[in-house]
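# Structure at a glance
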Amino acid sequence: MKEIADRVFVLRHEVLDVNATLVLGDDCAVVIDTLSTAAQATELVNAVRRVTDRPYHVVNTHHHFDHCFGNATLNPVSVHAHPEAAASLTATDPRTVAAGYDIPGLAEVVVRPPDVLVRAEQALGLGGREVVLRFLGRGHTAGDLVVHVPDVGVVVAGDLIEESGPPQFDDAYPLEWPDTVAALLSVGATAFVPGHGAVVDAEFVLAQHAELAALDWAIREGHADSAPVEAVAARAPFGVETATVAVRRGFQALYGTA
């Protein structure tokens, strides 16, 4: 684990380049996201225990497998998530997920759903330090939580922000995502841990917000012009393949079929 701020550590796992974050307090800690499999989660536990022997809570930023399938292995005090994320994770069959990925152990994961639901905001005391869990709106999914560590100006953003690849839109709300990232920026942090890739600053987040806003407008204009999905995607940010998924999701919302 790499310490990116006072008692805030990030493990950047080689599989899917996904991040797990550890925040320490005087009495306990919080682990944010738990990776994809029992084996990966065991690596995470070992990394955490090299830093601290304190008990820890878990936060799932959202329901996608690479951020929460390690929950059961970590055996935390509690698992916090947004209700939408909890419902989606509960309904997830690891065998179905495993069919789309060549990741050993994925099909055998035991899903542990969250037991503490955060609908809007919750402060979590760690002893001498407080972190704030916030739902700022829909974006990458219907239930994206961010974790703010106010005393060091760090926000763990999950997949609302991506550094090592473009944002992903399979479960996304592309017409709402820009407003959610604007709310993320208004928190006033100086360092942001993305779901995947290197830690970024506010300037990077602002630039990604601009791209998401451009995508939003391209979708709205394409809908108004009755343009085909492919034509809108060709002039949208993030590349044609990624943008095509986003445009379809946006059109579904605008046509009332989502």
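Residues numbered from 1 in each chain as written. Predicted model: local features only at pLDDT ≥ 70, side-chain atom pairs only at ≥ 80, totals over all residues. Heavy atoms only, no water.

Time to look at the overall build of the protein chain. In terms of helices and strands, the protein chain carries nine helices and 13 strands. Oriented by its inertia axes, the alpha-carbon framework of the protein chain measures out at about 60 × 40 × 30 Å. Within the protein chain, the proportion of its 258 residues that are buried is 53%. Summed over its atoms, the accessible surface of the protein chain is roughly 10,700 Å², and 51% of this surface lies on carbon and sulfur atoms. For the protein chain, the distance from the average position of its 16 positive side-chain charges to the average position of its 34 negative side-chain charges is 4 Å. (Helix = DSSP H or I, 4+ residues; strand = E, 2+ residues; numbered from the N terminus. Buried < 20%, exposed > 50% of the residue type's maximum accessible area, 1.4 Å probe, protein only. Areas by Shrake-Rupley, 256 points an atom, 1.4 Å probe, with all protein chains shown as cover. Lys, Arg positive; Asp, Glu negative; His and termini not counted. Charge placed at Lys NZ, Arg CZ, Asp CG, Glu CD.)

On the secondary structure map, D17 appears in the loop between strand 2 (8-13) and strand 3 (18-24). Engagement of the side chain of D17 in a polar contact is seen with the side chain of S164, the distance being 2.9 Å. Excluding anything up to four places from it in sequence, D17 contacts R12, S164, G195, H196 and G197. (Polar contact = N/O pair within 3.5 Å; in protein donor to acceptor, adjacent residues only side chain to side chain. Contact = heavy atoms within 4.5 Å.)

Moving on, we come to helix 1 (residues 38-51). Compared with the 20 Å implied by 1.5 Å per residue over 14 residues, the 20 Å span of helix 1 between its first and last C-alpha is a close match. Of the residues making up helix 1, those classed as buried are Q40, A41, L44, V45, A47 and V48. Taken around the axis of helix 1, the buried residues stretch over an arc of 165°, which confines them to a single face. Residues of helix 1 that are exposed and point over 90 degrees away from its buried face: A39 and R50. Buried residues belonging to helix 1 abut strand 2, strand 3, strand 4 (29-32), strand 5 (56-59) and helix 3 (71-74). (Expected span 1.5 Å × (residues − 1). Arc of directions from axis to C-beta.)

Let us look at the packing of helix 7 (residues 202-224) against helix 9 (residues 240-254). With their axes 10 Å apart at the nearest point, helix 7 and helix 9 run at an angle of 55° to one another. As far as their axial angle goes, helix 9 and helix 7 are oblique. Taken as a pair, helix 7 and helix 9 cross one another with a handedness that is right-handed. Contacts between helix 7 and helix 9 involve L215, I219, R220, G222 and H223 from the former and A246, V247, G250, F251 and L254 from the latter. (Axes fitted to C-alpha atoms, helices over the stretch in contact; angles between N-to-C directions. Parallel < 35°, antiparallel > 145°, perpendicular 65-115°, else oblique. Left-handed = near helix turned anticlockwise from the far one by under 90°.)

Turning next to the sheet that holds strand 13 (residues 200-201). With respect to topology, six strands assemble into an open sheet ordered 8-9-10-11-12-13, the strand pairing being mixed. Each end of this open sheet is capped by a strand with a single partner; those strands are strand 8 (121-125) and strand 13. The pairing of strand 12 (residues 191-194) with strand 13 spans two bridges and is classified as antiparallel. Its bridge partner lying in strand 13, F192 is registered against V200. (Pairing = 2+ DSSP bridges.)

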